[in-house]
Amino acid sequence: MSAIVFYNTRTRTKQDFAPLQPGRVGIYTCGPTVYGPQHIGNLRSQLFADLLKRFLLSEGFAVEHVINITDVGHLVSDADEGEDKMELAAKRAGQSAAEIADKYTQMWREDRARVNCLEPERNPRASEHIAEQIALGRVLEEKGYLYRIDDGLYFDVSKFDHYSELARLDLEGQRDVQRIDAVEGKRHPADFAIWKFAAPEVRRLQEWDSPWGRGFPGWHLECSAMSSRYLGERFDIHTGGIDLASVHHTNEVAQSECAYDVRPWVSFWMHNEFLDFGGEKMSKSKGNVTALSDLVEQGRDPLAFRYFFLQAHYRQQQTFNPEAMEAASRGYRRLVALVAELRAVPDSADRDAQAPHRERFRAALADDLNAPKAMAVVWDVARSDSLSPADRRDLLLAFDEVLGLDLAHAVPAEEISESDPRIDAMLAERQAARERKDFAGADRIRDELAAEGISIIDTPEGPRWSRE
Ligand SMILES: [Zn+2]
C-alpha cells in the first residue's frame, strides 16, 4: 500500500504522514466564533477536517479530534483591533454573551450534524479555559517574550526567530505599512495581544481577573492553550481555513514553540482554501445563500452540500453558485437512488473483484485527500458493468464510511425513470452485449450515452436511465 501523503503548509511540500505515537493521531481544528450563524465557507473547513478524520479512521488510526468554540476575545479584526465580536453581537441582541454563545454553538453543532460530520472527541470553549490561558501567558512572560502597554500584554515577535516561517511573512514590509487603527505602543505591527485590559470606561460582559489586571485573553492564546491541554505539548495535525495561516496560526506557533520549547509544535499544518462565490457578494438581503439553513430553506438536502464539497480538492478554491449546487444535488440524488436499488441485492461478495477498486479509492485519498479523484472511483464503480450488483453495493457503502454521504440510509428523493425510444433501444443493445459477455461493446454504448449526459442505473428489474 502506498504511504499516506499530506501537504504541509509549514514545509510547503507533500510529506509522508506518520503520527508522533504509532496508531494514534491528534487533530486540532479551529472552530467557530459563536457570535452569529456560520457561513457555508466556514463549513467547508469543518467538512475538510471531517474528511481527514474519517480517512485516518479508515486507515485504522485512533483519532482524537479537538475543535474549539471561540466565545471570547475574537475582535472584529483578527489582529486584535476593533470591538469584540461576541460583545458586539450580545449588545445588539440585548442578550448576555453566554446566551449568544449558547445559541450559535447549538446552531453550529446542528449544521455539522446535518452534513454528517463526526462528533469531535472534545469541543472546549475558550471561556471555560481562562486559567489555562493565563498559565500559558505567565510562562511566556517569565521567559521574556512579552511587554506591557496601556492596552494589554503583547507578544514581541522579534524575540521568536521563526515567526515568519509558517506563512512566509515579510515582517520588514509590514513595518512600512502605517495603519491608522493600530494599537498605540506596539513595537511591531505583528506583535499580538496575550491579554487585553478591560478599559475602565467600557462595561464588558466578559472579563476576568489575571496577574496583570482585569481583562480578557487575546484570541490566539486559546488555541495554543486548549490544543496542548488535550493533545499534548506536541501533536500531529492542525487544520483550519487558509485565511487563518498568516495571523492566527502564526501566533499560535509563536506562543506554543516559545512556551513549551518544542519545534515543530505541530507536525502537519493543513489548510483548506476558500469557498468563492464567483465574484458575487453573498448576503441575505440579496437572497443569496450564506448559511446552511438558507440551503435547507431552498429545499436542498444538506448532504448534497457535502457532495458538492467532495467535488473539489480541499486546497483548491471552489466556486459556489446556484448552478454548481444544482449539479451537486442531481449527482447526489442519482447516487442515492442507485445505492437504494442495490441495498436489497443478496450478498455475494467477491473480494478479488473488489480489491482493485478499494485500492484506487484509498490511493486517491492517501494522496493528500484527493476527494474528486475518489469520487471518480465512486462513479466508476457505480456504473461498472463488470462488477456484480452485490460488489458494487459493498464497495459504495465501504467508500461512504469515508465520504460521509449517508448512502446506507438516504432515501431517494424521487424515482428516476425516463423513456425515449432511441435511448431505450441503445439500452437493449447494451443488455444484449452484456449477455454475450461483450463488455467492451457494453461499455462503448454506456460511454456514448454518458457523452450525451445520460447515466444508466442497473436495477434488479433491469437498467434505467436518467439525464444529468
Ligand atoms: Zn484557532
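Residues numbered from 1 in each chain as written. Predicted model: local features only at pLDDT ≥ 70, side-chain atom pairs only at ≥ 80, totals over all residues. Heavy atoms only, no water.

S.K.: Help me out: how do you make sense of the overall build of the protein in this one?
M.R.: Within the protein one finds 15 helices and 16 strands. In terms of overall dimensions, the protein has C-alpha extents of about 85 × 50 × 40 Å along its principal axes. Scored against the burial criterion, the 468 residues of the protein give a buried share of 56%. Relative to all contacts within the protein whose residues are 6 or more apart in sequence, the contacts with residues 24 or more apart total 75%. Carbon and sulfur atoms form 48% of the exposed surface of the protein, whose accessible area is close to 20400 Å². Taken together, the 59 basic and 79 acidic charged side chains of the protein have centroids lying 1 Å from each other. (Helix = DSSP H or I, 4+ residues; strand = E, 2+ residues; numbered from the N terminus. Buried < 20%, exposed > 50% of the residue type's maximum accessible area, 1.4 Å probe, protein only. Contact = heavy atoms within 4.5 Å. Areas by Shrake-Rupley, 256 points an atom, 1.4 Å probe, with all protein chains shown as cover. Lys, Arg positive; Asp, Glu negative; His and termini not counted. Charge placed at Lys NZ, Arg CZ, Asp CG, Glu CD.)

S.K.: I tried to follow the pattern of salt bridges on my own but got confused; where do I start?
M.R.: Between side chains of opposite charge, a pair can form as their charged atoms come close. Scanning all chains against the criterion turns up 30 salt bridges. For Arg 214, the salt bridge goes to Glu 207, with nearest N and O atoms at 2.9 Å. Residue classification places Glu 207 among the buried residues on the basis of a relative accessible area of 17%. Between Arg 434 and Asp 385 there is a salt bridge whose closest N-O contact spans 3.6 Å. A residue pair is termed long-range when its members are at least 10 positions apart, and Arg 434 in helix H14 (residues 421–435) and Asp 385 in the loop between helix H12 (371–382) and helix H13 (389–403) qualify at 49 residues. Classification of Asp 385 as buried rests on a relative accessible area of 6%. (Salt bridge = Lys/Arg side-chain N within 4 Å of Asp/Glu carboxyl O.)

S.K.: So what exactly am I meant to see when it comes to the coordination of the zinc ion here?
M.R.: For a metal with four tetrahedral donors the ideal donor-metal-donor angle is 109.5 degrees, whereas six octahedral donors ideally subtend 90 or 180 degrees. Around the zinc ion, the protein contributes the donor atoms Cys 30 (SG), Cys 223 (SG) and His 248 (NE2), at 2.0 to 2.2 Å from the metal centre. Look at where the donors of the zinc ion fall in the sequence and you get C-x192-C-x24-H. Residue Cys 223 is found in helix H6 (residues 219–231), and its partner His 248 is found in helix H7 (residues 245–260); the two are separated by 25 residues along the sequence. The pair formed by Cys 223 and His 248 is uniform in burial state, with each residue classed as buried. (Donors = N, O, S within 2.8 Å, 3.2 Å for Na, K, Ca; no water.)

S.K.: I'm lost on the domain arrangement of the protein in this one. Help?
M.R.: Often, the extent of an interface is quoted as the loss of accessible area on bringing the components together. Taken domain by domain, the protein consists of domain 1 (5–272), domain 2 (285–414) and domain 3 (417–468). Between the C-alpha centres of domain 1 and domain 2 there is a distance of 32 Å. Between domain 1 and domain 2, a total of about 2600 Å² is buried, with carbon and sulfur atoms accounting for 64% of that surface. The largest share of the area that domain 1 buries against domain 2 comes from Ile 40, Arg 44 and Leu 51, three residues that together contribute 28% of it. (Domains from an automatic or database assignment. Buried area = accessible area lost by both parts, 1.4 Å probe.)

S.K.: Teacher, can you tell me more about the nonpolar core here?
M.R.: Among the nonpolar cores identified, the biggest contains 68 residues, and Phe 6, Leu 56, Ile 237 and Phe 305 are the most heavily contacted of them. Top element by residues in this core is helix H10 (residues 322–343). It accounts for nine residues. Built from parts of two domains, this core gets at least three residues from each of domain 1 (5–272) and domain 2 (285–414). Among residues more than four places away in sequence, those in contact with Leu 56 are Phe 6, Phe 17, Val 25, Ile 27, Phe 61, Val 63 and Ile 237. The next biggest cluster of nonpolar side chains, apart from the first, holds 46 residues, and it includes Leu 75, Ala 126, Phe 160 and Phe 235. (Core = buried A, V, L, I, M, F, W, Y, C linked by side-chain atoms within 4.5 Å.)

S.K.: What is the right way to look at the packing of aromatic side chains in this model?
M.R.: The geometry of an aromatic ring pair is captured by two quantities: the separation of the ring centres and the angle between the planes. Under the criterion given, the structure shown has 18 aromatic pairs. For the ring pair Phe 48 and Tyr 314, a centre distance of 4.3 Å and an interplane angle of 15° mean the geometry is stacked. With Phe 48 in helix H1 (residues 40–58) and Tyr 314 in the loop between helix H9 (302–310) and strand E14 (318–319), the pair connects residues that are 266 residues apart, well separated along the chain. By relative accessible area, which is 0% here, Phe 48 ends up buried. With 5.7 Å between their ring centres and 25° between their planes, Phe 305 and Phe 308 make a pair best called stacked. (Phe/Tyr/Trp six-rings, centres within 6.5 Å; stacked < 30°, edge-to-face > 60°.)

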